Amino acid sequence: MATIIVKHSVEDFDAWKPYYDDHEDTRREYGLQEARLFRLADDPNEIVMVAEWDTAENAQKFVEESDLKDVMAEAGVVGEPEIMFLDEIEAARGTPAA
């Protein structure tokens, strides 16, 4: 598994969201396994997506080779998105209280 985080601003979340939803099949074609979508608590037009991919190579291909940049431009993404490719070092879950 590979994880990427994408952070960007949008002109209008409600106008942007249908583009995100419609792009699901493309993300899956490139190996998306799971994605979580967030908005900043103090700015609903600041979006953060945390996504798990089957391989780092497929995540990189999605960013570089898919129609992602065109879709982001059409959807109203403002400025250059910040995209981080992560290597997981450790994972832990809290234990239930007794």
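Presented here is a report on the structure given in the accompanying data block. Because the structure is a prediction, the values reported are computed rather than measured.

## Description of the nonpolar core
Across soluble globular proteins, nonpolar side chains have a tendency to be buried as a group. Residues I4, V10, W16, A51 and W53 are the most contacted members of the largest nonpolar core, which totals 19 residues. Broken down by secondary-structure element, the contributors of at least two residues to this core are β1 (2-10), α1 (13-22), β3 (43-53), α3 (56-65) and α4 (68-75).

## Brief notes about the pattern of salt bridges
Think of it this way: side chains of opposite charge can pair up when their charged atoms draw near. Taken as a whole and judged by the stated rule, the model has four salt bridges. Among the ionic pairs, R27 bridges to E24, the shortest N-O distance being 2.7 Å. With R27 and E24 both in helix α2 (residues 24-29), this residue pair falls three residues apart, about one helical turn. Its relative accessible area of 3% is what places R27 among the buried residues. Salt bridges here are not isolated pairs; linked through shared partners, they connect E24, R27 and R28.

## Some remarks on the side chain of T26
Assignment of secondary structure puts T26 in helix α2. Excluding anything up to four places from it in sequence, T26 contacts F62, S66 and D67.

Cut-offs applied
- Residues numbered from 1 in each chain as written.
- Predicted model: local features only at pLDDT ≥ 70, side-chain atom pairs only at ≥ 80, totals over all residues.
- Heavy atoms only, no water.
- Core = buried A, V, L, I, M, F, W, Y, C linked by side-chain atoms within 4.5 Å.
- Buried < 20%, exposed > 50% of the residue type's maximum accessible area, 1.4 Å probe, protein only.
- Helix = DSSP H or I, 4+ residues; strand = E, 2+ residues; numbered from the N terminus.
- Salt bridge = Lys/Arg side-chain N within 4 Å of Asp/Glu carboxyl O.
- Contact = heavy atoms within 4.5 Å.

Interpretation in functional terms is not warranted from these geometric data alone.
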